[in-house]
Amino acid sequence: MIGMSFADALFVYFLLWLIFLAILWWRELSRVKSYEWHLSNSRLFHCDSCHHSFIIKEAVNLTRCPRCNSICICRNRRDLE
Ligand SMILES: [Zn+2]
């Protein structure tokens, strides 16, 4: 039989729960950081024909709308800065 009192067992129990919660918290923080969005002016496009807003991966000034296939020009927007 293990020579441990009830208070020691309770302390170990809460310590293990604290370690478990710290691991879950660290995992959630790393997961949120990896899926975080980085929105910038060069990536957000707005189609003037169909009013569809979309994000592209490359930093270009001219692209085609994925919905209506018309040419979209990147304009500088002050509200996103
Ligand atoms: Zn469009």
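What counts and how
Residues numbered from 1 in each chain as written. Predicted model: local features only at pLDDT ≥ 70, side-chain atom pairs only at ≥ 80, totals over all residues. Heavy atoms only, no water. Donors = N, O, S within 2.8 Å, 3.2 Å for Na, K, Ca; no water. Buried < 20%, exposed > 50% of the residue type's maximum accessible area, 1.4 Å probe, protein only. UniProt positions renumbered as here; feature names shortened; annotations may be inferred. Helix = DSSP H or I, 4+ residues; strand = E, 2+ residues; numbered from the N terminus. Contact = heavy atoms within 4.5 Å.

## Topic: the coordination of the zinc ion
Now for step 1: Taken together, the protein ligands of the zinc ion are Cys47 (SG), Cys50 (SG), Cys65 (SG) and Cys68 (SG), with distances of 2.2 to 2.3 Å.
Now for step 2: Of note, the zinc ion draws all its donor residues from one chain, in the sequence arrangement C-x2-C-x14-C-x2-C.
Now for step 3: Its relative accessible area of 33% is what places cysteine 68 among the partly exposed residues.

## Details of the UniProt feature "transmembrane region" (unreviewed entry) in the chain
Now for step 1: The feature "transmembrane region" (unreviewed entry), as annotated in UniProt, sits at residues 6–26 in this numbering.
Now for step 2: The annotated region residues 6–26 carries 100% helix and 0% strand content, and the separation between its end C-alpha atoms amounts to 30 Å.

## Re the environment of aspartate 48
Now for step 1: As for its placement among the helices and strands, aspartate 48 is situated in the loop between strand E1 (44–46) and strand E2 (53–55).
Now for step 2: Expressed as a C-alpha distance, the spacing of aspartate 48 and cysteine 65, which sit 17 residues apart in the sequence, is 9.5 Å.

## Considering the environment of leucine 62
Now for step 1: Relative to the assigned elements, leucine 62 resides in strand E3 (residues 62–64).
Now for step 2: A residue is classified by how much of its surface remains accessible, and leucine 62, at 52% relative accessible area, is exposed.
Now for step 3: Residues leucine 62 and cysteine 72, spaced 10 residues apart in sequence, show a C-alpha to C-alpha distance of 5.8 Å.
Now for step 4: Leave out the neighbours within four places in its chain, and leucine 62 touches Phe45, Ile71, Cys72 and Ile73.

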